[in-house]
Amino acid sequence: MVVEIKNLEEANKYISKHKLTLVALAYRKADKDYIIRLLKVIEEESQPTIYTALVYDTSRENAHQVELNLYIDGFCVFTQEGIFNDFENDITVLKRGIKEALKTRSIQVKFIKR
């Protein structure tokens with residue numbers, strides 16, 4: 001279940017609760033439903049589970065950016081800035097980036113379609 005978080009303090013608490021956490025920081029112009037859909041697939045298909053959260057910041061009016069950060073035990077180990085807005089491309093690139101980031105830390109993750 002993708003958790004929607006209101007501020008960075010709540011995000012830090014959520015990150016500290018889980019070994020693996022993917023947090024999307026999205027700004028006003030970003031498609032919130034699309035980002036939630038991406039995060040939901042990552043959480044549902046990942047083994048071990050990568051917990052997901054969305055911080056939706058409406059205060060930055062001109063920002064179009066989406067930033068995805070992967071945390072292991074509270075430390076950011078992977079950042080992806082931006083998305084393609086093509087679901088298959090976005091999910092493929094995100095999964096590949098996550099796998100590579102975790103592989104360098106000797107953590108194996110599999111994505112199993114359900």
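For the structure itself, consult the block above.
Residues numbered from 1 in each chain as written. Predicted model: local features only at pLDDT ≥ 70, side-chain atom pairs only at ≥ 80, totals over all residues. Heavy atoms only, no water.

## Description of helix α3 (residues 87–103)
End to end, α3 covers 24 Å across 17 residues, agreeing with the expected 24 Å (1.5 Å per residue, within 8%). Every buried residue of α3 is listed here: Phe 87, Asp 90, Ile 91, Leu 94, Lys 95, Gly 97, Ile 98, Ala 101 and Leu 102. Angular distribution of buried residues about the axis of α3 spans 165°; they occupy a single face of the element. Set apart from the buried face of α3 by more than 90 degrees, the exposed residues are Arg 96 and Lys 103. Contacts made by the buried residues of α3 are with β2 (20–27), α2 (32–45), β5 (66–72), β6 (75–81) and β7 (110–111). (Helix = DSSP H or I, 4+ residues; strand = E, 2+ residues; numbered from the N terminus. Expected span 1.5 Å × (residues − 1). Buried < 20%, exposed > 50% of the residue type's maximum accessible area, 1.4 Å probe, protein only. Arc of directions from axis to C-beta. Contact = heavy atoms within 4.5 Å.)

## Details of the sheet that holds β2
Across the sheet, five strands lie side by side as β1-β4-β2-β5-β6; this open sheet has mixed pairing. Looking along the sheet, the strands with just one partner apiece sit at the ends: β1 (3–5) and β6. Strand-to-strand, the axes of this sheet are offset by a mean angle of 25°, without reference to chain direction. Packing of α2 onto the sheet brings it into contact with β1, β2, β4 (51–57) and β5, and relative to β4 it is tilted by some 165°. (Pairing = 2+ DSSP bridges. Axes fitted to C-alpha atoms, helices over the stretch in contact; angles between N-to-C directions.)

## Comments concerning the side chain of Ser 46
With respect to the helices, strands and loops of the structure, Ser 46 is situated in strand β3 (residues 46–47). Here the side chain of Ser 46 touches Glu 43 through a polar contact of 3.5 Å, landing on its backbone oxygen. From its side chain, Ser 46 meets the backbone nitrogen of Ile 50 in a polar contact 2.8 Å long. Ser 46 has contacts with Val 109, Lys 110, Phe 111 and Arg 114, leaving out every residue within four places of it along the chain. (Polar contact = N/O pair within 3.5 Å; in protein donor to acceptor, adjacent residues only side chain to side chain.)

## A closer look at the pairing of β2
The two faces of a sheet get side chains in turn, since along a regular strand they alternate between them. Most of β2 sits inside the fold, with eight of its eight residues counted as buried. Relative to β5, β2 runs antiparallel, the two being bridged by seven bridges. Residue pairing in the sheet places Val 23 in a bridge with Asn 69 of β5. Sheet topology places β2 next to β4; seven bridges connect them, and they run parallel. Across the sheet, the residue bridging to Val 23 is Ala 53, located in β4.

## Notes on the nonpolar core
Residues Leu 22, Ile 50 and Ile 98 are the most contacted members of the largest nonpolar core, which totals 30 residues. Elements that contribute at least two residues to this core include exactly β2, α2, β5, β6 and α3. With seven residues, α2 is the largest single contributor of residues to this core. Excluding anything up to four places from it in sequence, Ile 98 contacts Leu 22, Ile 42, Ile 50, Leu 70, Phe 78, Val 109 and Phe 111. (Core = buried A, V, L, I, M, F, W, Y, C linked by side-chain atoms within 4.5 Å.)

By themselves these figures say nothing about function.
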